[in-house]
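Understanding the architecture of this molecule
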Amino acid sequence: MAVLPILHHPDPRLRRKTPPVERFDQDLQRLIDDMFETMYAAPGVGLAANQVGVQLRLAVMDCSDEHDQPLVMINPELVMTDDPQEVEEGCLSVPDIRDKIRRYNKLRLRALDRNGQPYELEADGLMAQCIQHEIDHLDGKLYIDYLSSLKRERIRKKLQKAAVAGG
Ligand code: NI
């Protein structure tokens, strides 16, 4: 397994809508394992494939404190949403910044697991928030898109400055 470099906003690769996964081969299994290792090392609660430069509709998640509830979402879609509320959010691709946005508190997810088997699950709270965040990634969206243009511009400048300083 390997920890992969995570792309940062405003990298254009974060802005593409990812195509569905069609091949469930050894390369995909290795990628999923590397994404989990990368997410746990960051540390983060979710990671989408396009955040590590792979254009596939695949994300990994684990919202537990003990890192014992790994979830693989392949070709995910929301089939029900309810109860929008304001939550605080951050993103590994937008480092050191958090802000408040609106997310659904309840949802129903339909996706494939790492072997291509379909499943559905209902989630609420942090897990529901995280699922929406990852599906947004796979659609080429970032949570900062929900902020005002003034805030977004401030964040873009701050991250550009940090990227220059870091070489
Ligand atoms: Ni993110």
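Throughout what follows, the structure given in this document is the object of discussion.

Analysis parameters
- Residues numbered from 1 in each chain as written.
- Predicted model: local features only at pLDDT ≥ 70, side-chain atom pairs only at ≥ 80, totals over all residues.
- Heavy atoms only, no water.
- Helix = DSSP H or I, 4+ residues; strand = E, 2+ residues; numbered from the N terminus.
- Rg over C-alpha atoms; globule rule 2.2 N^0.38 Å.
- Contact = heavy atoms within 4.5 Å.
- Areas by Shrake-Rupley, 256 points an atom, 1.4 Å probe, with all protein chains shown as cover.
- Lys, Arg positive; Asp, Glu negative; His and termini not counted.
- Charge placed at Lys NZ, Arg CZ, Asp CG, Glu CD.
- Buried < 20%, exposed > 50% of the residue type's maximum accessible area, 1.4 Å probe, protein only.
- Pairing = 2+ DSSP bridges.
- Donors = N, O, S within 2.8 Å, 3.2 Å for Na, K, Ca; no water.
- Disulfide = S-S within 2.5 Å.

Further remarks concern the overall build of the protein chain. A tally of helices and strands in the protein chain yields three helices and five strands. The linear arrangement of helices and strands in the protein chain, starting from the amino end, is α-β-β-β-β-β-α-α. Against the globule reference of 15 Å for 167 residues, the protein chain gives a C-alpha radius of gyration of 15 Å, in line with a compact fold. For the C-alpha atoms alone, the extent of the protein chain along its principal axes is close to 45 × 40 × 30 Å. Summarising the internal contacts of the protein chain: among those between residues at least 6 apart in sequence, 66% fall at separations of at least 24. When the accessible surface of the protein chain is summed, it comes to about 9100 Å², and 49% of that surface belongs to carbon and sulfur atoms. Taking the 23 positively charged and 28 negatively charged side chains of the protein chain as two groups, their mean positions are separated by 9 Å.

This part covers the side chain of Asp 136. On the secondary structure map, Asp 136 appears in helix α2 (residues 125–138). Excluding residues within four positions of it along the chain, Asp 136 makes contact with Arg 103, Lys 141 and Tyr 146.

Before going further, it helps to spend a moment on the pairing of strand β5 (residues 118–124). Residues of β5 alternate between two faces, with Tyr 119, Leu 121 and Ala 123 buried on one and Pro 118, Glu 120, Glu 122 and Asp 124 left unburied on the opposite face. Where strand β4 (residues 94–112) hands over to β5, the hairpin turn is made up of five residues, of which Gly 116 adopts a positive phi near 90°.

Let us now look at the coordination of the nickel ion. Summarising the metal site, the nickel ion is bound by the protein donors Cys 91 (SG), His 133 (NE2) and His 137 (NE2), whose distances to it range over 2.1 to 2.3 Å. All donors to the nickel ion come from one chain, and their sequence spacing reads C-x41-H-x3-H. Taken as a pair, His 133 and His 137 lie in helix α2 at a separation of four residues, close to a single helical turn. Per residue, the accessibility class of His 133 equals that of His 137, and both read buried.

On to the state of the cysteines. Evaluated as defined, the whole model comprises zero disulfides. You can see Cys 63 has no disulfide; the closest cysteine sulfur is in Cys 130, sitting 4.0 Å from it. When its relative accessible area of 6% is taken as the criterion, Cys 130 is described as buried.

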